[in-house]
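Chains, contacts and geometry: an overview
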Amino acid sequence: MEDEKMKRKAQVMKKKWVVVAIAAVFLLFLRVSGQTEQEVVVAQDIRQDDTDNRMDHEEQMRVALTFDDGPHPVYTPRLLDGLKARGVHASFFMVGENAAANPELVERIYEEGHLIGNHTYSHQQLTTLSEEAATQELTKTQEVLEQITGEWPLYVRPPFGSWNRELEGEVSMLPVLWSVDSLDWTTTNTAEIVRRVVTQVKEDDIILMHDYYASSVEAALQVVDQLQTAGFTFVTADELIVE
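A brief structural summary. (Residues numbered from 1 in each chain as written. Predicted model: local features only at pLDDT ≥ 70, side-chain atom pairs only at ≥ 80, totals over all residues. Heavy atoms only, no water.)

Describing the pattern of salt bridges
Under the criterion given, the structure shown has 8 salt bridges. Of the charged contacts in the structure, one is a salt bridge between arginine 108 and glutamate 112, with a shortest N-O distance of 2.7 Å. (Salt bridge = Lys/Arg side-chain N within 4 Å of Asp/Glu carboxyl O.)

Below you can see the structure in the form of structure tokens.
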């Protein structure tokens, strides 16, 4: 009798352990399934984020259009009209004496949201000047531009791309060079200027042009039209440099 009780007790205990084991396996299955579902969701989210980032990247191929030597009393207004009609902001590196002669254009460029930079007062190659003379060329232009806009420019485009790094401590400006040179000053052939730019340009390029020639202005607006059609977005040069 006692043996029978012991056997039944053992059987009951065995069943309990089987139930516990089944429950444990079931819970483990649920946990793994839950983790798997979470991992799938996370993976899908990551893939979606990657896709969104790629789409944003593709939709925002940025390029900066920059102009030297102005402002010109005839060609700069024509350029500004065209840029405004296309919703484009550009960067203007001004010669001080031209800015002083055309303050209303400097003010218009500033008010329409373009970047204004320094291009020396009389278009001097800075590396051929003494440090004192080079500093004066830059400072004089800074003062002209600040008087018109109320702001001290932070960027300088050294004529001919010749920059003396020792000047950075004297004038507190960052040099802005270029990666695509239109060479627009060498020809009046608008189509050739456009071809030089659009066949070279890639994302994050800085394009060098001039707002001092009729053919350059016409070419610049055609460049904008073609690059916008190709999916490029125009930004000011500082946006590419700072980032």
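That shown, we press on.
Here we look at the side chain of arginine 157
Mapped onto the fold, arginine 157 is located in the loop between β4 (155-156) and α6 (168-171). Residue classification places arginine 157 among the buried positions, given a relative accessible area of 0%. At 2.5 Å, the side chain of arginine 157 and the backbone oxygen of valine 176 are in polar contact. Other than its neighbours up to four places away in sequence, arginine 157 contacts Thr66, Asp68, Phe93, Asn118, His119, Val176, Leu177, Trp178, Ile206 and Leu208. (Helix = DSSP H or I, 4+ residues; strand = E, 2+ residues; numbered from the N terminus. Buried < 20%, exposed > 50% of the residue type's maximum accessible area, 1.4 Å probe, protein only. Polar contact = N/O pair within 3.5 Å; in protein donor to acceptor, adjacent residues only side chain to side chain. Contact = heavy atoms within 4.5 Å.)

Description of the packing of helix α4 (residues 103-111) against helix α5 (residues 131-149)
As a packed pair, α4 and α5 sit with axes 9 Å apart at the nearest point and diverge in direction by 70°. Overall, the two elements α4 and α5 adopt an arrangement that is roughly perpendicular. Every pair of crossing elements has a handedness; the one defined by α4 and α5 is right-handed. When α4 is examined against α5, the residues Pro103, Val106, Glu107 and Tyr110 are found in contact with a partner set consisting of Leu145, Ile148 and Thr149. Residue composition of the contact of α4 with α5, by class: 5 nonpolar, 1 polar and 1 charged. (Axes fitted to C-alpha atoms, helices over the stretch in contact; angles between N-to-C directions. Parallel < 35°, antiparallel > 145°, perpendicular 65-115°, else oblique. Left-handed = near helix turned anticlockwise from the far one by under 90°. Nonpolar A, V, L, I, M, F, W, Y, C, P; charged D, E, K, R; others polar.)

A word on the nonpolar core
One finds Leu65, Phe67, Leu83, Phe92 and Ile207 to be the most contacted residues of the largest nonpolar core, which totals 33 residues. In terms of residue count, the dominant contributor to this core is helix α8 (residues 214-229) (7 residues). Beyond its immediate chain neighbours, meaning those up to four positions away, phenylalanine 67 contacts Leu79, Leu83, Ala90, Ser91, Phe92, Phe93, Met209, His210, Asp211 and Ala220. Listed in part, the 9 residues of the second largest apolar core include Ala64, Phe93, Tyr155 and Val176. (Core = buried A, V, L, I, M, F, W, Y, C linked by side-chain atoms within 4.5 Å.)

Brief notes about helix α7 (residues 190-198)
Buried within α7 are the following residues: Thr190, Ile193, Val194, Arg196 and Val197. Angularly, the buried residues of α7 cover 160° about the axis, an arc narrow enough to put them on a single face. Those residues of α7 hidden inside the fold are in contact with β6 (180-181), β7 (206-210) and α8. You can read the cap of α7 off the contacts: a side-chain oxygen lies 3.1 Å from the backbone nitrogen of alanine 191, and it is on asparagine 189. (Arc of directions from axis to C-beta.)

A few points about the packing of aromatic side chains
Taken as a whole, this structure holds 2 aromatic pairs when the rule is applied. Where phenylalanine 67 meets phenylalanine 92, the ring centres are 5.4 Å apart and the plane angle is 25°; that geometry is what we call stacked. Here phenylalanine 67 is found in strand β1 (residues 61-68), whereas its partner phenylalanine 92 is found in strand β2 (residues 91-94), with 25 residues between them in sequence. For phenylalanine 67, a relative accessible area of 0% puts it in the buried group. Plain terms: the ring middles of tyrosine 212 and tyrosine 213 are 6.4 Å apart, the flat faces sit at 80° to each other, and that makes the pair edge-to-face. Taking relative accessible area as the criterion, tyrosine 213 reaches 32% and is therefore assigned partly exposed. (Phe/Tyr/Trp six-rings, centres within 6.5 Å; stacked < 30°, edge-to-face > 60°.)

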